[in-house]
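# Fold and geometry: a report
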Amino acid sequence: HERARWRTTGPSSGVLTMRFPTPQLVSVIDLREDIAKGQRVSSWSLSTGGPSSSVIATGTTIGYRQLRRITPTTVTSLELTVEAVDAVQRVEMVGK
């Protein structure tokens, strides 16, 4: 991915945005959480980002690692919205 950037949206929530230089076909999302100090994510949603954004996956906890199959989708950006107790920056996302 070209660049991944965190933006806080509240005291315990944030959005991780990944932008790609060219359109990418994504069918598996690789979510990872740093659980060294405990599991912190309580819910998440993944959207295609941009002006015509649509939610393509949702979930509750992530844990150490979660591979989520999604309907193959061509994207130029992805946005992962996370609700967490704290430390939203401890979550990573990789599209495959």
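Residues numbered from 1 in each chain as written. Predicted model: local features only at pLDDT ≥ 70, side-chain atom pairs only at ≥ 80, totals over all residues. Heavy atoms only, no water.

### So, a positive patch on the surface
A cluster of like positive charges, contributed by Arg3, Arg5, Arg7 and Arg19, occupies part of the molecular surface. For the positive patch, the element with the highest residue contribution is strand β1 (residues 3–10), accounting for three residues. Position of Arg5 among the secondary structure elements: in strand β1. (Patch = residues over 30% accessible without salt bridge, like charges linked within 9 Å, V, L, I, M, F, W, Y side chains within 5 Å. Areas by Shrake-Rupley, 256 points an atom, 1.4 Å probe, with all protein chains shown as cover. Salt bridge = Lys/Arg side-chain N within 4 Å of Asp/Glu carboxyl O. Lys, Arg positive; Asp, Glu negative; His and termini not counted. Charge placed at Lys NZ, Arg CZ, Asp CG, Glu CD. Helix = DSSP H or I, 4+ residues; strand = E, 2+ residues; numbered from the N terminus.)

### What to know about the confidence of the model for the protein chain
The pLDDT averaged across the protein chain works out to 83; a share of 85% of its residues lies at or above 70. The lowest-confidence element of the protein chain is strand β6 (residues 91–95), averaging 57 in pLDDT; the highest-confidence one is strand β4 (residues 55–59), averaging 93. (pLDDT = per-residue confidence, 0-100.)

### Focus: the environment of Leu46
The residue Leu46 is located in strand β3 (residues 41–47) in this model. According to the relative accessible area criterion, Leu46 is buried, its value standing at 0%. (Buried < 20%, exposed > 50% of the residue type's maximum accessible area, 1.4 Å probe, protein only.)

### Some remarks on the pattern of salt bridges
Within this structure, the stated rule accounts for two salt bridges. Here Arg32 and Asp30 are joined by a salt bridge, their closest N and O atoms 2.7 Å apart. Given the relative accessible area of 31%, Arg32 is considered partly exposed. Exposure remark for Asp30: the relative accessible area of 0% places this residue in the buried category. Arg65 is the salt-bridge partner of Asp30, the closest N and O atoms lying 2.8 Å from each other.

### Description of the pairing of strand β5 (residues 65–84)
With 15 bridges joining them, strand β2 (residues 13–33) and β5 adopt antiparallel strand pairing. Its bridge partner being in β5, Val26 is matched across the sheet by Thr73. Note that β3 and β5 share six bridges and pair antiparallel. Note that in β5 the partner of Val41 across the bridge is Ala84. (Pairing = 2+ DSSP bridges.)

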